[in-house]
Amino acid sequence: MSATHEIRIAGFGGQGVILAGMVIGRAAAIFDGKHVTLTQSFGPEARGSAASVDLIVSPEPVLYPYLTRLDVLVAMSEEAYTRFVPELHPGGTLLFEQDLVNFQANRPDIHAFGIPATRLAEELGRKFILNLVMVGFVTGVTGIVPADAVRKSIADSVPKGTESLNTAAFDKGLEYALSQKLAAIHQ
Amino acid sequence: MNLVHADPKTVLTGAHFMDGNHAACEGAIAAGANFAAGYPITPSTEIVERFAARAPLVGATFLQMEDELASSIAILGAAWGGAKSFTVTSGPGFSLMMEHIGFAAMTETPSVFVDVQRGGPSTGLPTLPAQADMMQARWGSHGDYEIIALSPSSPQECFDVMIDAFNFAERYRNPVFVMMDESVGHMTEKVVIPSADRVLLVPRRYTCLPPSEYLPFKPSPDGIPEMARMGQGYHFHVTGLTHDASGYPAINAQTQQELLSRLVGKIRNDADKIARAEERQIEDARIVLVAYGITARVALRAVQLAREERIPAGLLRPIVVWPFPEKRIRELAGQAKAFIVVEMNQGQIVHEVERGVAGRARTVLVPHAGGAVHRPEAILEVIREVAQWA
């Protein structure tokens, strides 16, 4: 992987897609000394419609602020998956919510990893923390941002009083990534 | 001029991960803004949204007005009442503000106008970027006047230039513009807000004279009149009509001549002191790119790509766009063979560059209709073409 990472997190409104991007971006920019530019598509994004957030994480200042070579796609809905997986650069990484995405192994040139993030969130008692489960999974699989930096970022990013719950969700996703030993799904 | 430190209670010191709109709001608050009025409009809304949330915590007031005409006059009234005030808008609202921008210039009211530019004309592209209001900021109201305008390239600079904007507004008693664009306003990056003792502010220029001797528009030695504290016995009159030192109308050519030369002169004569620009790889540049706002970042990437091909390109990025750094362009016209102006419009600042170059080098425009930023590769193509003959 090149030193610069281009990440898109996509799903539907209400899943906490934007917060997931903010947690990763803040972790890299504030707690890991990277240059980070986060952009999001601005449209009529009410609950239930498409939502996405893009991140460029680089050791160098980011000049062009939009994605040109998508390395990491985090798909939290079927629509996000079908819409964006063609944009994933060869050699790129797909991370998907396996209960919400009907994964087709038709891109042998990418690495794909699934996680039942919604179910894992429900095990912790709150479905809405699936975004932090995904953040943990992204952290474990890609290693783009150190886990400690993400934990600090969570404390600064989530509503007061929910830090421990969100950190537990993060740890759950991180553990899942490590315990699965991350065998890439190839057909 | 005596500078004062920012109030520590208002400055959100620390490293943040925030978008340009929120950073601009924090810059305004750190600069001591205690009044904003606005009619929220995409893509600028987050600035006043945050200001409304922060206002009770910092002793400020936010008024959501019925439209942009009301917003733009409310901030002028607030300024005369003693507030440091600003308003925030985008293209359609900016058009509505023009009448009061002229009034602010004529009445020498310290005020800051933020325009987060989106595609136009008319309602255009509400959620997508452009840089097509640059001439409107300079010339949008009728009559002769001068303004100061800054253009930030990053969320960090959105914070930084808001401090400068308020300082210029106070220093010159003039409307000052922060010409953002949707890209810079909505992108999120690291923003470091310094401690309050490192934020230096120009205080309001208040008179020391007793009410019996005070004339509200009598210029100080530097050409700028001092304001009076309201409610302390000073008589004052503020009018958009041509006025003499007393502030009352004086409808004749001589007063007009004196007033106009002062209004225009206070900015033009200080253009070198106001100027601020970033230069990258300009020392040996034969091809000078000129770009501002988000476009300057993309242009810098193109410069890097050109340098990889051993093309001697450099970048001049005006941070203060108005007054335009004409003198620097004149200097560079002696060394450069060509200027490439990259802007997200159909050609606005390019006219200023051409004027400064005055035929001594070739000037090429790389326009963009807006809705997206230039691709660095597209700019590189133009640099390559120009390098053939430069």
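All values derive from a computational prediction rather than experimental measurement. (Residues numbered from 1 in each chain as written. Chains lettered and ligands numbered in written order. Predicted model: local features only at pLDDT ≥ 70, side-chain atom pairs only at ≥ 80, totals over all residues. Heavy atoms only, no water.)

(A) Summary view of the overall build of chain B. When you go through chain B residue by residue, the secondary structure sums to 13 helices and 17 strands. Against the compact-globule benchmark of 21 Å for 390 residues, chain B has a radius of gyration of 21 Å, which places it among compact chains. Split into buried and exposed, the 390 residues of chain B put 60% on the buried side. The long-range share in chain B, meaning contacts at least 24 apart out of those at least 6 apart in sequence, stands at 77%. (Helix = DSSP H or I, 4+ residues; strand = E, 2+ residues; numbered from the N terminus. Rg over C-alpha atoms; globule rule 2.2 N^0.38 Å. Buried < 20%, exposed > 50% of the residue type's maximum accessible area, 1.4 Å probe, protein only. Contact = heavy atoms within 4.5 Å.)

(B) Looking closely at the nonpolar core. The biggest cluster of nonpolar side chains holds 79 residues, and the ones touching the most others in it are Phe86, Val114, Leu289, Ile340 and Ile383 of chain B. With ten residues, the single largest contributor to this core is helix H6 (residues 155–172) of chain B. Both of domain 1 (4–201) and domain 2 (278–389) of chain B provide at least three residues apiece to this core. What Phe86 of chain B contacts, discounting residues up to four positions off in sequence, is Ala28, Ala33, Phe35, Ala36, Ala37, Ile47, Phe51, Ile75, Val112, Val114, Met162 and Phe166 of chain B. Within the second largest apolar cluster, 47 residues are counted, among which are Leu38, Val74 and Phe170 of chain A together with Phe17 of chain B. (Core = buried A, V, L, I, M, F, W, Y, C linked by side-chain atoms within 4.5 Å. Domains from an automatic or database assignment.)

(C) Highlighting the sheet that holds strand S12 (residues 277–280) of chain B. Residues and elements named next belong to chain B. Within the open sheet, the five strands sit side by side as S12-S14-S13-S16-S17. Their pairing is mixed. Strands with a single pairing partner mark the edges of an open sheet, and in this sheet they are S12 and strand S17 (362–366). Strand-to-strand twist in this sheet, taken as the mean axis angle between neighbours without regard to direction, amounts to 20°. Pairing between strand S13 (residues 287–290) and strand S14 (residues 313–318): four bridges, direction parallel. Across the sheet, the residue bridging to Leu289 is Leu315, located in S14. In the packing of helix H13 (residues 376–389) onto the sheet, the strands contacted are S13, S14, strand S16 (338–342) and S17, and the crossing angle to S16 comes to about 165°. (Pairing = 2+ DSSP bridges. Axes fitted to C-alpha atoms, helices over the stretch in contact; angles between N-to-C directions.)

(D) Representation of H6 of chain B in the model. Residues and elements named next belong to chain B. Helix length check: H6, at 18 residues, gives a terminal C-alpha distance of 26 Å against a target of 26 Å (1.5 Å per residue), a fit within 8%. Counting buried residues along H6, 16 of its 18 residues qualify, which places the element largely inside the surrounding structure. Positioned one or two residues after H6, Arg173 has a phi angle of 45°, which is positive. (Expected span 1.5 Å × (residues − 1).)

(E) Fine view of helix H4 (residues 91–107) of chain B. Residues and elements named next belong to chain B. The end-to-end C-alpha distance of H4, which contains 17 residues, comes to 24 Å, matching closely the 24 Å that a straight helix rising 1.5 Å per residue would cover. A maximum bend of about 50° is found in H4 at Met98. With twelve of 17 residues buried, H4 is to be regarded as a mostly interior element. All of the buried residues along H4 are Gly91, Gly93, Phe94, Met97, Met98, His100, Ile101, Gly102, Ala104, Ala105, Met106 and Thr107. Buried residues along H4 sit in contact with helix H3 (68–80), strand S5 (85–89), strand S6 (111–119), helix H5 (134–139), strand S9 (175–181) and helix H8 (253–268). Positive phi appears at Glu108, one or two residues downstream of H4, with a value of about 55°. (Bend = angle between axes of the 7 residues up to and from the residue.)

(F) Highlighting the interface of chain A and chain B. Contacts between the two partners involve 16 residues from chain A, matched on the other side by 22 residues from chain B. Taking both partners together, chain A and chain B bury about 1,600 Å²; carbon and sulfur atoms supply 66% of that area. Scanning the region where chain A abuts chain B turns up six residue pairs in polar contact (both at pLDDT 80 or more). Secondary-structure elements contributing two or more residues to the side of chain A that touches chain B are helix H1 (17–31) and strand S2 (35–40) of chain A. A per-element tally of the side of chain A that touches chain B places H1 of chain A first, with five residues. Among the residues forming the side of chain A that touches chain B, the class breakdown is eleven nonpolar, four polar and one charged. (Buried area = accessible area lost by both parts, 1.4 Å probe. Polar contact = N/O pair within 3.5 Å; in protein donor to acceptor, adjacent residues only side chain to side chain. Nonpolar A, V, L, I, M, F, W, Y, C, P; charged D, E, K, R; others polar.)

(G) Region of the structure containing the side chain of Ser154 of chain B. Here Ser154 of chain B lies in the loop between strand S8 (148–150) and H6. Excluding its chain neighbours within four sequence positions, the residues that come into contact with Ser154 of chain B are Val184, Glu189 and Arg297 of chain B.

(H) Quick look at the pattern of salt bridges. Residue and element names in this part refer to chain B. Counted under the stated rule, the structure contains 37 salt bridges over all chains. Note that Arg204 and Glu170 form a salt bridge whose closest N and O atoms lie 2.7 Å from each other. Residue Arg204 is located in the loop between strand S11 (200–201) and H8, and its partner Glu170 is located in helix H6; the two are separated by 34 residues in the primary sequence. Across the pair, exposure class does not vary: Arg204 and Glu170 are buried alike. We note a salt bridge from Asp284 to Arg307, for which the minimum N-O separation is 2.8 Å. Here Arg307 lies in helix H10 (residues 294–308) and Asp284 lies in the loop between S12 and S13, a separation of 23 residues in the sequence. Residue class for Arg307 comes out partly exposed when judged on its relative accessible area of 21%. (Salt bridge = Lys/Arg side-chain N within 4 Å of Asp/Glu carboxyl O.)

(I) Structural detail: the environment of Ser58 of chain A. Residue and element names in this part refer to chain A. Its location among the elements puts Ser58 in strand S3 (residues 50–58). Separated by 29 residues in the primary sequence, Ser58 and Ala29 place their C-alpha atoms 9.4 Å from one another. Excluding residues within four positions of it along the chain, Ser58 makes contact with Ala3, Thr4, Lys34 and His35. A distance of 2.9 Å separates polar atoms of two side chains, one belonging to Ser58 and the other to Thr4.

(J) Structural detail: the domain arrangement of chain B. Residue and element names in this part refer to chain B. Assigned domains of chain B: these are domain 1 (4–201) and domain 2 (278–389). A separation of 27 Å is found between the C-alpha centroids of domain 1 and domain 2. Counting residues at the interface gives 26 residues for domain 1 and 23 residues for domain 2. Of the roughly 1,900 Å² buried at the junction of domain 1 and domain 2 (both faces included), carbon and sulfur atoms supply 57%. Seen at the junction of domain 1 and domain 2, the total is two salt bridges. One salt bridge in this structure joins Arg317 and Glu157, with 2.7 Å as the shortest N-O distance. Scanning the region where domain 1 abuts domain 2 turns up 19 residue pairs in polar contact (both at pLDDT 80 or more). For the side of domain 1 that touches domain 2, the elements supplying multiple residues, two or more each, are strand S7 (125–129), H5, S8, H6 and helix H7 (182–186).

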